[in-house]
Amino acid sequence: MNQKTKLLLATFLGLHLVIIAPVIAEQASGIGSEEISLEQSSLVIDSLQTQEPPGIIPIRETMVTSYYGGRFHGRKTASGERYDRNAMTCAHKSLPFNTLLKVTNPRNGKSVIVRVTDRGPFTRGRQLDISYAAARELDLIAAGVAPVEVLIYPQETQLSDIQTIQEQVTLN
């Protein structure tokens with residue numbers, strides 16, 4: 001490279017750093033901080049309306065549910081646990097094991113929290129099988145099959161987190 005080309009290149013880079021770099025830096029820092037603050041404030045507002053802490057945002061679905069028959073009591077589930085008809089457990093085709101679900105019977109407003117321990121149901125048109133105890137609490141024994149409202153909590157959610165949320169809702 002000759003001397004003129006080097007000087008021209010150095011001048012161009014110098015102007016680029018002096019003029020364009022501050023503009024890019026301002027845009028980059030402005031965008032990030034605004035987006036974060038808007039996102040955080042919308043989470044806080046949403047959590048005030050739903051009584052859910054910002055870190056725990058369940059997914060709401062309507063599912064057709066049935067309950068396990070007595071013949072499954074004591075058998076191994078897909079997770080390796082033994083099915084206990086008196087425990088608050090359920091079967092779902094794809095949710096990870098130990099995922100917590102709040103199941104509500106829309107006809108009477110009764111709710112239970114169940115934990116995914118098995119796969120199923122394998123009957124067409126059904127998305128959830130709950131234990132006998134959960135069905136009894138929801139008054140679903142007579143119906144056998146019914147649509148229910150389900151809140152699917154993130155996998156890392158603990159039962160104590162959900163109980164704290166329920167206590168907060170009761171107090172308000």
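Here, every reference points to the structure presented above.
Residues numbered from 1 in each chain as written. Predicted model: local features only at pLDDT ≥ 70, side-chain atom pairs only at ≥ 80, totals over all residues. Heavy atoms only, no water.

Undergrad: Could you clarify how one ought to interpret the overall build of the protein in this entry?
TA: When helices and strands are tallied, the protein shows 3 helices and 6 strands. The order of α-helices and β-strands along the protein, N terminus first, is α-β-β-β-β-β-α-β-α. In the protein, buried positions account for 28% of the 172 residues. Approximately 11,200 Å² of the protein is accessible, and the part contributed by carbon and sulfur atoms is 57%. (Helix = DSSP H or I, 4+ residues; strand = E, 2+ residues; numbered from the N terminus. Buried < 20%, exposed > 50% of the residue type's maximum accessible area, 1.4 Å probe, protein only. Areas by Shrake-Rupley, 256 points an atom, 1.4 Å probe, with all protein chains shown as cover.)

Undergrad: Please explain the pairing of strand β6 (residues 145–152) as it appears in this structure.
TA: Residues in a regular strand project their side chains so that they alternate between the two faces of the sheet. Where strand β1 (residues 59–67) and β6 come together, 8 bridges link them in antiparallel fashion. What sits directly across from Ile-59, in β6, is Ile-152. Here 4 bridges tie strand β3 (residues 100–104) to β6, and the two strands are oriented antiparallel to one another. Directly across from Val-103, in β6, lies its bridge partner Val-150. (Pairing = 2+ DSSP bridges.)

Undergrad: Can you help me understand the sheet that holds strand β5 (residues 128–130) in this one?
TA: Strands in a sheet are paired, the pairing made by backbone hydrogen bonds, and the direction either parallel or antiparallel. Pairing in this closed barrel of 6 strands is mixed, and the strands run β1-β5-β2-β4-β3-β6 around the ring. Neighbour-to-neighbour, the strand axes of the sheet open up by a mean angle of 45 degrees, direction not taken into account. (Axes fitted to C-alpha atoms, helices over the stretch in contact; angles between N-to-C directions.)

Undergrad: Mind showing me how you'd approach the pattern of salt bridges here?
TA: Pairs may arise between side chains of opposite charge once their charged atoms sit close together. If you walk through the whole model with that rule in mind, you get 2 salt bridges. Residues Glu-81 and Arg-115 are paired through a salt bridge, measuring 2.8 Å at the closest nitrogen-oxygen approach. Residue Glu-81 is found in the loop between β1 and β2 (89–92), and its partner Arg-115 is found in strand β4 (residues 111–118); the two are separated by 34 residues along the sequence. Given a relative accessible area of 30%, Glu-81 falls into the partly exposed group. Classification of Arg-115 as partly exposed rests on a relative accessible area of 25%. Between Lys-110 and Asp-139 there is a salt bridge, with its nearest N and O atoms 2.8 Å apart. (Salt bridge = Lys/Arg side-chain N within 4 Å of Asp/Glu carboxyl O.)

Undergrad: How should I be thinking about the pairing of β4 in this particular structure?
TA: Along β4, 6 of the 8 residues are buried, which leaves the element largely enclosed by surrounding structure. Judged from the 3 bridges that link them, β2 and β4 form a sheet pairing that is parallel. Bridge pairing in β4 links Ala-91 to Asp-118. Strand direction decides the pairing type here: β3 and β4, joined by 5 bridges, are antiparallel. Within β4, the position partnered with Leu-100 by the bridge is Arg-115.

Undergrad: Just checking my understanding: could you explain empty space enclosed by the protein for this structure?
TA: Picture a little ball the size of a water molecule; that probe, rolled over the atoms, points out where space is still empty. Following the criterion strictly, the structure yields 1 cavity of 30 Å³ or more and no others. Around the largest cavity, the lining residues are Thr-65, Ser-66, Tyr-67, Ile-130, Ala-135, Leu-140, Gly-144, Val-145 and Ala-146. Elements represented by at least two residues in the lining of the largest cavity include exactly β1 and β6. Top element by residues in the lining of the largest cavity is β1. It accounts for 3 residues. Residues that form the lining of the largest cavity fall into these classes: 6 nonpolar, 3 polar and no charged. (1 Å grid on protein atoms, 1.4 Å probe; cavity = no way out; pocket = protein on both sides within 12 Å on 5 of 7 lines; lining within 4 Å. Points joined across faces, edges and corners; volume = space filled by probe spheres on them. Nonpolar A, V, L, I, M, F, W, Y, C, P; charged D, E, K, R; others polar.)

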